[in-house]
Amino acid sequence: SGTDKVYFIDGNLWIHNKQWMSMQLFNPDPAGAKVTFVVKGSIYISDNVYIDDPAKSGVAFLAIDDPNEPNSGNISFGDPEFGTLEYMQAYLYAENNFYDNNLDETGSAMVTVDGNMTAGNHVEINRDYIDAGGNPQHSKLTVNFDDRVSTGALVLPGLPDTSDGTAGF
């Protein structure tokens, strides 16, 4: 009963699982799971985000600015201590910025997003770092655009209707 819903969160959202370092959106119904999280604040994605059936399911995370909170409306990737983020199946919108948190050789040196990343301001993900030997390195961020929302093949609750393919997120 939790699918085909928009969840509004007044405050920050942390996606973090200390035991499995991942979370999965699952619905046993053959129609799949479709959920949208609208966060008035910022979103912190520390661990992997999976959907159970990529052909039928989807999740959107929207971080919107809270005028009462400075520096909100952002999405941060990575775990500040363990660097366990490597993979996300999600549509992501930050009204302000995307930031990284420990995306280097000791953290998440390779991160893949299957979905979309859209920023109202800019993407500030520092992919360059100096390794333990003092050598410059570059970690890899791959965004594999999933056009199902923009073509109308996947309708996520609360997002604009894109069945004619003229609009999208």
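See above for the structure.
Attention in this report is confined to the structure presented alongside it. Quick caveat, the model's predicted, so the values are computed rather than measured.

What counts and what doesn't
In every chain, residue numbers begin from 1 and rise along the written sequence. The model is predicted, so local features are restricted to residues of pLDDT at least 70 and side-chain atom pairs to those at 80 or more, both for listing and for counting; the totals for chains, interfaces and linings are taken over all residues. In computing side-chain values, all of the structure's heavy atoms are included and hydrogens and water are not. To qualify as a helix, a DSSP run of H or I must reach at least 4 residues; to qualify as a strand, a run of E must reach at least 2; elements of each kind are numbered from the N terminus. Only protein chains enter the accessibility calculation, which uses a 1.4 Å probe; a residue is then buried when its area is under 20% of its type maximum, exposed when over 50%, and partly exposed in between. In this description, contact between two residues means that some pair of their heavy atoms is separated by no more than 4.5 Å. Areas reported here follow the Shrake-Rupley algorithm with a probe of radius 1.4 Å; residue values treat only the protein chains shown as occluding. Nonpolar cores were defined as sets of buried Ala, Val, Leu, Ile, Met, Phe, Trp, Tyr and Cys residues, with membership established by side-chain atoms within 4.5 Å. Think of it this way: a Phe, Tyr or Trp ring, Trp meaning its six-membered ring, pairs with another when their centres are within 6.5 Å, and the plane angle makes it stacked under 30 degrees, edge-to-face over 60, tilted otherwise. A side-chain nitrogen of Lys or Arg and a carboxyl oxygen of Asp or Glu constitute a salt bridge if their distance falls within 4 Å. Here a strand pair is declared whenever DSSP counts at least two bridges between the two strands. All axes here are fitted lines through C-alpha atoms, helices being fitted over the stretch that makes contact, and every angle between N-to-C directions spans 0 to 180 degrees.

Considerations on the overall build of the chain
- When helices and strands are counted, the chain shows one helix and 15 strands.
- Relative to its 169 residues, the chain shows a buried fraction of 45%.
- Sequence separation of at least 24 residues holds for 71% of the intrachain contacts in the chain that already meet a minimum separation of 6.
- Counting every atom, the chain has about 8800 Å² of accessible surface; 51% of that belongs to carbon and sulfur.

Re unusual backbone geometry
- Non-glycine residue D4 carries a positive phi angle of around 55 degrees.
- At N71, a position not held by glycine, the phi torsion is positive, near 60 degrees.
- Its location among the elements puts N71 in the loop between β7 (58–64) and β8 (75–77).

Some details on the nonpolar core
- In this structure, I43, I45, F61, I75, F77, M88 and L92 are the most contacted members of the largest nonpolar core, which totals 26 residues.
- At the level of secondary structure, the elements contributing two or more residues to this core comprise β2 (13–15), β4 (34–40), β5 (43–45), β6 (48–51), β7, β8, β9 (87–94) and β11 (110–119).
- Of the residues forming this core, the biggest block, four residues, is contributed by β9.
- Setting aside chain neighbours within four positions, we find F61 in contact with L13, I15, F37, I43, V49, I75, A90, Y91, L92 and Y93.
- By size, the runner-up hydrophobic cluster in this structure holds seven residues, among which are A60, V149, L154 and L156.

A few points about the packing of aromatic side chains
- Under the defined criterion, the tally for this structure stands at five aromatic pairs.
- A centroid spacing of 5.5 Å and a plane angle of 25 degrees characterise the contact between Y7 and F37, whose relative ring orientation is stacked. With Y7 in strand β1 (residues 5–10) and F37 in strand β4, the pair connects residues that are 30 residues apart, well separated along the chain.
- Grouped by ring-pair contacts, the aromatic residues Y7, F37 and F61 constitute a single cluster.

Some points on the environment of P67
- Position of P67 relative to the elements: it lies in the loop between β7 and β8.
- Since its relative accessible area comes to 67%, P67 is described here as exposed.
- Residues P67 and K40 lie 27 residues apart in sequence; the distance between their C-alpha atoms is 9.2 Å.

Remarks on the pattern of salt bridges
- Within the structure shown, the criterion is met by one salt bridge.
- With a closest N to O distance of 2.9 Å, D146 and R148 form a salt bridge.

Observations regarding the environment of N97
- Inspection of the secondary structure puts N97 in strand β10 (residues 97–100).
- N97 gets classed as buried once you look at its relative accessible area, which sits at 6%.
- Filtering out sequence-adjacent residues up to four positions away, N97 remains in contact with G73, N74, I75, N121 and H122.

Observations regarding the sheet that holds β10
- Sheet architecture is open: five strands sit in the order β2-β5-β8-β10-β12, paired in parallel fashion. Sheet topology places β2 and β12 (122–124) at the edges, where each strand pairs with a single neighbour. Within the sheet, the average angular offset between the axes of one strand and its neighbour, ignoring direction, is 15 degrees.
- Relative to β12, β10 is paired through three bridges, and the arrangement is parallel. Within the sheet, the bridge partner assigned to Y99 lies in β12 and is E124.

Note that all results are geometric; they support no functional claim without further evidence.
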